[in-house]
Amino acid sequence: QKEVEQNSGPLSVPEGAIASLNCTYSDRGSQSFFWYRQYSGKSPELIMSIYSNGDKEDGRFTAQLNKASQYVSLLIRDSQPSDSATYLCAVNQAGTALIFGKGTTLSVSS
Amino acid sequence: KAGVTQTPRYLIKTRGQQVTLSCSPISGHRSVSWYQQTPGQGLQFLFEYFSETQRNKGNFPGRFSGRQFSNSRSEMNVSTLELGDSALYLCASSLFGGRETQYFGPGTRLLVL
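All of these numbers come straight from a predicted model, not from anything done at the bench. (Residues numbered from 1 in each chain as written. Chains lettered and ligands numbered in written order. Predicted model: local features only at pLDDT ≥ 70, side-chain atom pairs only at ≥ 80, totals over all residues. Heavy atoms only, no water.)

> I'm lost on the overall build of chain A in this one. Help?
Helix and strand content of chain A: zero helices and eleven strands. Counting from the amino terminus, helix and strand elements in chain A follow one another as β-β-β-β-β-β-β-β-β-β-β. Over its C-alpha trace chain A gives a radius of gyration of 13 Å, about what one expects of a compact globule, namely 13 Å for 110 residues. C-alpha extents for chain A along the principal axes are approximately 40 × 30 × 20 Å. Contacts in chain A between residues far apart in sequence, at least 24 positions, make up 53% of those at least 6 positions apart. Summing over all exposed atoms, chain A offers an accessible surface of approximately 5100 Å²; the carbon and sulfur share of this is 45%. (Helix = DSSP H or I, 4+ residues; strand = E, 2+ residues; numbered from the N terminus. Rg over C-alpha atoms; globule rule 2.2 N^0.38 Å. Contact = heavy atoms within 4.5 Å. Areas by Shrake-Rupley, 256 points an atom, 1.4 Å probe, with all protein chains shown as cover.)

Written as C-alpha cells, this is what we have:
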C-alpha cells in the first residue's frame, strides 16, 4: 500500500517566522512531488511541484526533496496569517494515481 | 483561461438514491481525475480518465463510476447512496495526466441523509 505521511498538526508559528512542513512517502518509485494548500471550505491549490533532489524556491516557499530518505518538505519564510491553512503533500509516479497525505494544519498568529 | 468547473456545488440526497456530478476541465486538458475528501480519510483517489478511457481506478466499490466525453468533460455517478458517501467530491485536470500538475475545481459537497 503506497502511503504518504504528514504530521497532522496543528503547527503554530508566529507571524514572520519560518514554518517547516514535512512529508514522507513509502513508494521508492515515486517521481513527482507536490505541495497543495487548502483553505477551510475550499479546494486544494498548487503551491509547488518538485521532481529532482535538492531545493526549489518560489518566492517565500522552498520545497526540498530527498529521494534517498523518501522525504519532502516545504519551508514557508516570513509566515503570514494568510498562510494559515492545511498543507497537503502529494506524490506519484508516471502512470499512477496521485496519492495525498492527510495534511498538516498551519496556524500563523499575528 | 477558465479553471476547472464543477456542477452542482451542493447536493442533498437521501440513502438509496443516485447522484451524477459533472466536471469541465481546463481548456486543452485531456486528463480528469476524481477524488473524495472526508475529514477522516482525507483526499482519496477515485478514478482518472484520459481520452474517454479510464486509466486508473482507486479502491472504491462499484457503486462509484465515471465517464469522459469527447470534449474531455467528465461525470461521476454514485448509485445506491450511503450515509458514508457524504463528502466533498473534487475533480482535477491536467494536460496528459501522469507526472503533471493537477488543477482542482471547487468541488461538489454531497450530503446524504
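> How should I be thinking about the overall build of chain B in this particular structure?
When helices and strands are tallied, chain B shows zero helices and eleven strands. Counted from the first residue to the last, chain B has its helices and strands arranged as β-β-β-β-β-β-β-β-β-β-β. Relative to the compact-globule value of 13 Å for 113 residues, chain B shows a C-alpha radius of gyration of 13 Å, a close match. Structurally, chain B occupies a C-alpha span of about 35 × 25 × 25 Å along its principal axes. Counting across all 113 residues of chain B, residues that qualify as buried make up 51%. (Buried < 20%, exposed > 50% of the residue type's maximum accessible area, 1.4 Å probe, protein only.)

> Sorry, what's going on with the sheet that holds strand 8 (residues 71–76) of chain A here?
In a beta sheet, neighbouring strands are held together by backbone hydrogen bonds and run either parallel or antiparallel to one another. All names here are of chain A. Overall, antiparallel pairing links the five strands, which are arranged 1-3-8-7-6 in an open sheet. Every other strand in the sheet has two partners, leaving strand 1 (4–6) and strand 6 (54–58) as the edge strands with one partner each. Put simply, the sheet's adjacent strands are angled 20° from each other on average, direction ignored. (Pairing = 2+ DSSP bridges. Axes fitted to C-alpha atoms, helices over the stretch in contact; angles between N-to-C directions.)

> Mind showing me how you'd approach a nonpolar patch on the surface here?
Residues and elements named next belong to chain B. Where nonpolar side chains cluster on the molecular surface, the patch consists of Ile12, Leu111 and Leu113 and spans about 300 Å² of accessible area. Position of Ile12 among the secondary structure elements: in strand 2 (residues 10–13). For Ile12, a relative accessible area of 60% gives the class exposed. (Patch = residues over 30% accessible without salt bridge, like charges linked within 9 Å, V, L, I, M, F, W, Y side chains within 5 Å. Salt bridge = Lys/Arg side-chain N within 4 Å of Asp/Glu carboxyl O.)

> Hey, could you run me through the sheet that holds strand 7 (residues 64–68) of chain B in this one?
All names here are of chain B. Within the open sheet, the four strands sit side by side as 1-3-8-7. Their pairing is antiparallel. Taken across any chain shown, the strands that pair with only one partner, and hence form the sheet edges, are strand 1 (5–7) and strand 7. Across the sheet, the mean angle separating the axes of adjacent strands is 20° when strand polarity is ignored. Sheet topology places strand 1 next to strand 3 (residues 19–24); three bridges connect them, and they run antiparallel. Bridged to Gln6 within strand 3 is Cys23.

> Looking at this model, I keep getting lost on the pattern of salt bridges. Mind explaining?
One side chain can pair with another of opposite charge once the charged atoms of both are near each other. Applying the stated criterion across every chain, the model contains eight salt bridges over all chains. With a closest N to O distance of 3.2 Å, Arg37 of chain A and Glu45 of chain A form a salt bridge. Here Glu75 of chain B and Arg73 of chain B are joined by a salt bridge, their closest N and O atoms 3.3 Å apart. Several salt bridges converge on common partners, so that one network encompasses Arg63, Glu82 and Asp85 of chain B.

> Would you mind going over the interface of chain A and chain B with me for this structure?
On the chain B side, the residues contacting the 20 residues of chain A number 17 residues. Regarding the contact of chain A and chain B, the summed buried area is about 1500 Å², with carbon and sulfur atoms giving 53% of it. On the chain A side of the contact with chain B, Ser43, Phe100 and Lys102 of chain A bury the most area, a combined 26% of that side's loss. Linking chain A with chain B are seven residue pairs in polar contact (both at pLDDT 80 or more), by the criterion used here. Secondary-structure elements contributing two or more residues to the side of chain A that touches chain B are strand 4 (32–38), strand 5 (45–50) and strand 9 (85–92) of chain A. Across the side of chain A that touches chain B, the residue classes break down as ten nonpolar, nine polar and one charged. (Buried area = accessible area lost by both parts, 1.4 Å probe. Polar contact = N/O pair within 3.5 Å; in protein donor to acceptor, adjacent residues only side chain to side chain. Nonpolar A, V, L, I, M, F, W, Y, C, P; charged D, E, K, R; others polar.)

Any link to function would need more than the numbers given here.
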